[in-house]
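# Chain and residue survey
Here's the letter readout for the chains.
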Amino acid sequence: MVKASALDLIENTPLVELARLHRGLGRIVAKAEFIQPGGSMKDRAALYVIRDAYAAGKLVTGQRVVEMTSGNMGAGLAVVCNVFGNPFTAIMSEGNSPARAKMLEALGAKVILFPQVDGSVGRVTGRDISAVAEHAITYAKQFGGYYVDQFNNVSCVEAHYYGTGPEIWSAIGRSLNAFVAGAGTGATFIGVSRYLKEQNPAILCAAVEPAGARVLAGEPVKNPRHLLQGMGYGIQLPCWQSDLVDDYMAVTDEDAAEYRHLLATREGLHVGFSAAANVCAAVRILESGRLGPDATVATVLCDTGLKY
Ligand code: PMP
């Protein structure tokens, strides 16, 4: 099989059954999002954002693209911008893992690291993210760049509404009982849940948050410094639709670390902490028995473990 470009390596990821990790009743199927060229599910959002910006006349060949990123959206944008012929600047928090900045630089992106406000290395908070976003907006204005604005850009949700959601539905269909995912911008959870509930409103959609930062569940932030990089910023999300959420689940750093280890050692899947948190929540739903013994729960393996 020959693909025309790296863009054709984005989307249509396979689902993998986690039968060695979850040995109880029911089954967990996880979308292998980490196999895309930027190493995460954010490649999908990047592809839609750039394609839509060209179609709307907001972006032209050679124009700089600018985004604030925890690294994954940046990697996706670097891949897509390289194929389209746009230079790319990623503005990141100093708290994001150095592996991400390295990957971006290897892809030819200009990387600007911005100091943290109240987080620490490996633990990036909502306030850190807001400061990075402000800097990115100023930078884009200064250099005439196209600012992606992933938290407010509807193309990000559409990538999952038109891509991830239908892919899960066409692979599993009527036997799907639940979908579980964490939220960074919320694009994955909202896009997929909206599509799946349109197909079958009985599908249970559960949003995963870090145990100390359950803002979507309506709780105050107790600990913004968690390990689940890329999700759980403890802020309200512009795309969020609470009518799509049947349950809010919390995962601790310790649980995420344990499930990350289990995914690697039992399944041979070396993925990041948010992927592990998703799988931990999926196991809990099955163990609760609320879906019955033959239930199928789908989730996403957000990114590769090589980024940490
Ligand atoms: N996990 C990781 C590792 C991520 O990078 C992101 C995106 N920031 C998410 C989860 C959450 O994805 P979304 O922005 O679609 O909610």
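Just above sits the structure.
What this report covers is the structure whose coordinates are included nearby. Numbering of residues starts from 1 in each chain and follows the order in which that chain's sequence is written. Confidence filtering applies because this is a predicted model: local features only for residues at pLDDT of at least 70, side-chain atom pairs given and counted only at 80 or more, and all residues used for totals across whole chains, interfaces and linings. For the side-chain quantities, the full set of heavy atoms in the structure was used; hydrogens and water were omitted.

### Here we look at the pairing of strand 10 (residues 296–300)
Think of it in three bands: residues with accessible area under 20% of the maximum for their type are buried, residues over 50% are exposed, and the middle band is partly exposed, with areas taken using a 1.4 Å probe on protein chains only. Numbered from the N terminus, helices here are DSSP runs of H or I no shorter than four residues, and strands are runs of E no shorter than two. Within strand 10, five of the five residues are buried, which leaves it mostly tucked inside the rest of the structure. Burial along strand 10 is two-sided: the face carrying Thr296, Ala298 and Val300 and the face carrying Val297 and Thr299 are both buried. Taken together, the five bridges between strand 2 (residues 27–31) and strand 10 define a ladder with parallel strand orientation. The partner of Val29 across the bridge, within strand 10, is Ala298. A pair of strands counts as paired when DSSP detects no fewer than two bridges linking them. Sheet analysis places strand 7 (residues 178–182) next to strand 10, joined by three bridges and oriented parallel. Bridge assignment links Phe179 to a residue of strand 10, and that residue is Ala298.

### Overview of the site of the ligand
Taken together, 16 residues form the shell around the ligand, and within it Asn72, Gly184, Thr185, Thr188 and Ser274 come nearest. Two N or O atoms count as a polar contact when they lie within 3.5 Å, although within protein this holds only if one can serve as hydrogen donor and the other as acceptor, and sequence-adjacent residues are included solely when both atoms are side-chain atoms. Take Thr188: an N or O atom from its side chain is 2.6 Å from an oxygen atom of the ligand. Values of accessible area rely on a 1.4 Å probe in the Shrake-Rupley scheme; residue burial ignores everything except the protein chains shown. Coverage of the ligand by the protein amounts to 98% of the 390 Å² it exposes when considered alone. Throughout, the ten residues Ala, Val, Leu, Ile, Met, Phe, Trp, Tyr, Cys and Pro are labelled nonpolar, Asp, Glu, Lys and Arg are labelled charged, and all others, Gly among them, are labelled polar. Looking at the shell around the ligand, its residues break down into five nonpolar, nine polar and two charged. Residues are classed as near a molecule or strand on a simple rule: at least one heavy atom within 4 Å of it.

### Some points on unusual backbone geometry
One non-glycine residue with positive phi stands out, namely Glu11, at about 75°. Here Glu11 lies in the segment before strand 1 (15–17). Backbone geometry places Asn12, a non-glycine residue, at a positive phi of 50°. Mapped onto the elements, Asn12 comes out in the segment before strand 1. Looking at Asn12, the relative accessible area reads 64%, which means it is exposed.

### Here's the deal with helix 8 (residues 273–288)
Compared with an ideal rise of 1.5 Å per residue, which puts 16 residues at 22 Å, helix 8 spans 23 Å between its outermost C-alpha atoms and is within 8% of the ideal. Of all 16 residues in helix 8, 13 are buried; the element is thus mostly enclosed. Positive backbone phi, approximately 80°, marks Gly289, located one or two places after helix 8. For a helix, the expected span equals 1.5 Å multiplied by the residue count minus one.

### Looking at the packing of aromatic side chains
Pairs were defined over the aromatic rings of Phe, Tyr and Trp, the Trp ring being its six-membered one, requiring ring centres within 6.5 Å. Orientation was assigned from the angle between planes: stacked under 30 degrees, edge-to-face over 60, tilted for the rest. Applying the stated criterion across every chain, the model contains eight aromatic pairs. Here the aromatic rings of Phe189 and Trp240 are separated by 5.2 Å at their centres, their planes lie at 25°, and the arrangement is stacked. Of the two residues, Phe189 is situated in helix 6 (residues 187–199) and Trp240 in the loop between strand 8 (204–210) and strand 9 (247–251); the sequence distance between them amounts to 51 residues. With respect to class, Phe189 is no different from Trp240; both count as buried.

### Quick look at helix 7 (residues 253–267)
With 15 residues, helix 7 extends 20 Å between its outermost C-alpha atoms, agreeing within 8% with the 21 Å of an ideal straight helix rising 1.5 Å per residue. Taken residue by residue, helix 7 has Asp253, Asp255, Ala256, Tyr259, Arg260, Leu262, Leu263 and Glu267 as its buried positions. Contact partners of the buried residues in helix 7: strand 1, strand 9 and helix 8. Downstream of helix 7 by a residue or two, Gly268 has a phi angle that is positive, lying close to 75°. Contacts between residues were defined by any pair of non-hydrogen atoms, one from each residue, lying within 4.5 Å.

### Let's talk about the sheet that holds strand 8
Spatial strand order, 1-2-10-7-8-9: six strands in an open sheet with mixed pairing. This sheet does not close on itself; its edge strands, each paired only once, are strand 1 and strand 9. Direction aside, the axes of adjacent strands within the sheet are offset by 25° on average. Here strand 7 runs beside strand 8; their pairing, made up of five bridges, is parallel. Residue pairing across strands places Phe179 opposite Cys205, the latter belonging to strand 8. In this analysis an axis means a line fitted to C-alpha atoms, helices contributing only their contacting stretch, and an angle means the value between N-to-C directions, from 0 to 180 degrees.

### Looking at the side chain of Ser93
Secondary-structure assignment places Ser93 in strand 4 (residues 88–93). Classification of Ser93 by relative accessible area gives buried; the value is 1%. A distance of 3.0 Å separates the side chain of Ser93 from the backbone nitrogen of Gly95, its partner in a polar contact.

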